[in-house]
Each structure stands twice: as structure tokens, then as C-alpha cells.
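The residues making up each chain are set out below.
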Amino acid sequence: MNILHLDHNHPLLIEELNELGFTNHEAYTTSKETIETSIADYDGIVIRSRFSIDASFIDKATNLKFIARVGAGLENIDTAHAAQKGIHMFAAPEGNRNAVGEHALGMLLSLFNKMNSADQQVRNGTWLREENRGHEVDLKTVGIIGYGNMGRAFARKLRGFDVEVICYDIREDVENSDATQVSLEELFEKTDILSLHTPWTPLTHKMIDTAFINRFHKPFWLLNTARGKSVVTEDLVAALHAKKILGAGLDVLEYEKASFENLFTNPDKMPKPLQELLAMDNVILSPHIAGWTRESKERLAQTIVSKIKKQFC
């Protein structure tokens, strides 16, 4: 079988596929249009997020047997059309779930203890103790929306704290020893800390808006290590100003795209809500790296190899 690799990944992915007898080709910079002219020669595709695999692309891949995404979600692939063609889909949420859980916990502790702003103050010669008095996680209720691989990993990281962990998921019976599944209404009633671990779907698109935020009975802290487009930034900023949301840790942003950096090189193009968000000291931001550790890079690759091997060897 011929496999086309469209993104750089951990070397073990190609090394182990070679050992299994697959023929591997690399096209890390070749345009989508050029790849389409020869995609019929390949039995498998390995991709992260370089471009979308849409129906038109799939129709040209007449011999394709699988698409493997070295990541958690499959949003950049027309999975329904692929299924109609009998193409197997592989993703690797098991590979970076631990990294996401640790990152979410790190953001939470940094927010509660004002670590980022305190660090900058000390570096600038300012020593403010009372102004940087923090909060403790113990005795809080942590609400998790989306209790799959990532949500479970975050709940597991909370075992050492004296907290109540509750989860909401559209699937039934997902609770385990780390979290209790509740209704959305109970989540709104109890939550002090809300952590999002949902994929992008039409249901989660712009899910966290003013109407959703106002259904929470208490002011709360927000963590988003899932998908940026699940949160309406303008409504988040308004809630932060109103202290309905006490602080936010955001690894992803609504405005993410390949040209995201252009927002900073050209300030005139930067949306006003993002400008306000960047100026807030109760907001921590990171560039979509929650699952981006050295260990997870290897684990993601190994997960994909294992799934291809199980299906085709």
C-alpha cells in the first residue's frame, strides 16, 4: 500500500510503517491542487491540519482506503463522504489527551494564583502581595462539557484536589470515578470552573454566548482547550467586564486560521473584542498548544501506526 504524508510528524510514524511493509511518500509543501493530480495513486493519507479533505478531493482519490489524522478531531475531513466511499477514518485522541489535561490544569492554577501578571510585575520591579492574593481550587465545583478523551484526562488530573467534578455530555452514561454526569441545568447551578472539551460540531459552534453564560447561577472561571469557534469572543469579553466570568484560560481562539499572525502585524485588521481580550490580566492565552508536547508528538504517531496496523496487517 502507498501512503502519502502531508504533514511532518514524529519520525517513528514513517519508520514503523516502513517496517510493516508500507511504501511512504512525503509531500509536506506540495499544494493541494498538485496533490489532487496524483492522489489516485495512494491507498492512504496521513495529515494533521495542512488543508481540508473535502468531497472533491476524496472523489479524486479513487483508490483511497484510509485517512489518518495525527490529532484528536476530524473536523477538517468530510467524514460522511469518506464513509460513503468505504474509506476508514483514523484519529488519535488517545495520543495527546494527557497533555491537554495537564495544560488545562496549568492554566487553572496560573489563573487562580495570578502567576502571569505577578511574574511580569516582579520582572518590572513591582512587588505587590495583597493585589496578587489568589484563590484555592479546593472546595470548588468543576464543570466539564464534553466527557470524551480530553474531558476525562482533565478530570483525572483533578484527583488530588478536594473538588466536586461534574460533567455534561450529549452521550448517556459517560461518568466514571473521576466525574459525575449531570444535566445541563445542574451544571449551570453548581459550576465554579467550566472547562470545555468538545469537538467542533454545528451544536458546539458559538455555543458559549451571552445567553449560555447568563444561565450559570454563579460567576465562574472558563477554560477552553477545545475549539476556538465554540466561544463568541465578544460575549466572553462582555462577561469578563461584568464579572460574570471571573477569568479565562484560552488555548484556542475564535479567530484562529492559517493567517492568524497577520492580526498582530496589521493592527487595523484585529477585531475589537480580541484587542480587549489581550489587554485583560485575568486572561491567559496560549497558541493552540494544549496537546503539543514532546511526549504527545511521539504518542500521537504511535497511535496512528497502531490503528493502521490493526486494520490492514
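Everything here concerns the structure above.
Residues numbered from 1 in each chain as written. Predicted model: local features only at pLDDT ≥ 70, side-chain atom pairs only at ≥ 80, totals over all residues. Heavy atoms only, no water.

Caption draft 1: Here's a closer look at the pattern of salt bridges. With the rule as written, the count across this model stands at 15 salt bridges. Between Asp178 and Arg159 there is a salt bridge, and its shortest N-O distance comes to 2.8 Å. In this pair, Asp178 is assigned in the loop between strand 7 (164-168) and strand 8 (180-181) and Arg159 in the loop between helix 7 (149-157) and strand 7, connecting sequence segments 19 residues apart. For Asp178, a relative accessible area of 11% translates into the label buried. A salt bridge links Glu164 to Lys190, with the nearest nitrogen and oxygen atoms 3.3 Å apart. Highlighted residues: Glu164 in strand 7 and Lys190 in helix 8 (residues 184-190), separated in sequence by 26 residues. (Salt bridge = Lys/Arg side-chain N within 4 Å of Asp/Glu carboxyl O. Helix = DSSP H or I, 4+ residues; strand = E, 2+ residues; numbered from the N terminus. Buried < 20%, exposed > 50% of the residue type's maximum accessible area, 1.4 Å probe, protein only.)

Caption draft 2: Spotlight on the side chain of Asn132. Secondary-structure assignment places Asn132 in the loop between helix 6 (115-123) and strand 6 (141-145). A distance of 2.8 Å separates a polar atom in the side chain of Asn132 from a polar atom in the side chain of Gln121. If near-sequence neighbours (up to four positions away) are discounted, Asn132 is found in contact with Asn113, Lys114, Ser117, Ala118 and Gln121. (Polar contact = N/O pair within 3.5 Å; in protein donor to acceptor, adjacent residues only side chain to side chain. Contact = heavy atoms within 4.5 Å.)

Caption draft 3: Region of the structure containing the packing of helix 5 (residues 93-112) against helix 7. One way to put it is that helix 5 packs onto helix 7 with a least axis distance of 8 Å and a crossing angle of 50°. By the angle class used here, helix 5 and helix 7 are oblique. Like other packed secondary-structure pairs, helix 5 and helix 7 cross with a definite hand, here right-handed. Where helix 5 approaches helix 7, its residues Pro93, Glu94, Asn96, Arg97, Asn98, Val100, Gly101, Glu102, Ala104, Leu105 and Leu108 are matched on the opposing element by Asn149, Met150, Ala153, Phe154 and Lys157. Counted by class, the contact of helix 5 with helix 7 contains eight nonpolar, four polar and four charged residues. (Axes fitted to C-alpha atoms, helices over the stretch in contact; angles between N-to-C directions. Parallel < 35°, antiparallel > 145°, perpendicular 65-115°, else oblique. Left-handed = near helix turned anticlockwise from the far one by under 90°. Nonpolar A, V, L, I, M, F, W, Y, C, P; charged D, E, K, R; others polar.)

Caption draft 4: Region of interest: the packing of aromatic side chains. Enumeration according to the criterion identifies nine aromatic pairs in this entry. When the centroid spacing of 4.7 Å and the interplanar angle of 50° are considered together, the rings of Phe112 and Trp221 count as tilted. Here Trp221 lies in strand 10 (residues 220-224) and Phe112 lies in helix 5, a separation of 109 residues in the sequence. With respect to class, Phe112 is no different from Trp221; both count as buried. Arranged with centres 5.1 Å apart and planes meeting at 75°, the rings of Phe188 and Phe212 form a pair that is edge-to-face. Of this pair, Phe188 sits in helix 8 while Phe212 sits in helix 9 (residues 210-213), placing them 24 residues apart in sequence. Comparing Phe188 with Phe212, the two get one shared label, buried. In textbook terms, an aromatic cluster arises when at least three aromatic residues are bridged by ring pairs, as seen for Phe188, Phe212, Phe216 and Phe220. (Phe/Tyr/Trp six-rings, centres within 6.5 Å; stacked < 30°, edge-to-face > 60°.)

Caption draft 5: Expanded view of the sheet that holds strand 1 (residues 2-5). Pairing is parallel in the open sheet, where five strands are placed in the order 2-1-3-4-5. Of all the strands in the sheet, just strand 2 (23-26) and strand 5 (88-90) have a single pairing partner and so form its edges. Across the sheet, the mean angle from the axis of one strand to that of its neighbour is 20°, orientation sign disregarded. Of the strands in this sheet, strand 4 (66-69) and strand 5 are in contact with helix 13 (residues 294-312), which crosses strand 5 at around 155°. (Pairing = 2+ DSSP bridges.)

Caption draft 6: Geometry of the nonpolar core. By size, the foremost hydrophobic cluster in this structure holds 31 residues, and its most contacted members are Leu194, Leu196, Leu222, Leu236, Ile245 and Leu277. Going through the elements one at a time, helix 8, strand 9 (193-196), helix 9, strand 10, helix 10 (233-241), strand 11 (245-250) and helix 12 (272-278) are the ones with two or more residues in this core. At four residues, helix 10 tops the list of elements feeding residues into this core. Here Leu196 is in contact with Ile145, Met207, Ile208, Leu222, Leu223, Asn224, Thr225, Ala226 and Val231, once residues within four sequence places are set aside. Membership of the second largest hydrophobic core comes to 22 residues, among which are Met107, Leu108, Trp221 and Ile284. (Core = buried A, V, L, I, M, F, W, Y, C linked by side-chain atoms within 4.5 Å.)

Caption draft 7: Seen up close, the pairing of strand 4. With burial as the criterion, each face of strand 4 is covered, one bearing Phe66 and Ala68 and the other bearing Ile67 and Arg69. Summarising the sheet, strand 3 (residues 44-47) and strand 4 pair through four bridges and their orientation is parallel. Paired with Val46 across the two strands is Ala68, which belongs to strand 4. For the handedness criterion, the β-α-β arrangement of strand 3, helix 3 (residues 55-60) and strand 4 is classed as right-handed. Of the pairings in the sheet, the one linking strand 4 to strand 5 comprises three bridges and is parallel in character. Paired with Ile67 across the bridge in strand 5 is Met89. For the crossover from strand 4 across helix 4 (residues 79-84) to strand 5, the handedness is right-handed. (Right-handed = clockwise from strand over helix to strand, strands pointing away.)

That's the geometry; what it means functionally is another story.
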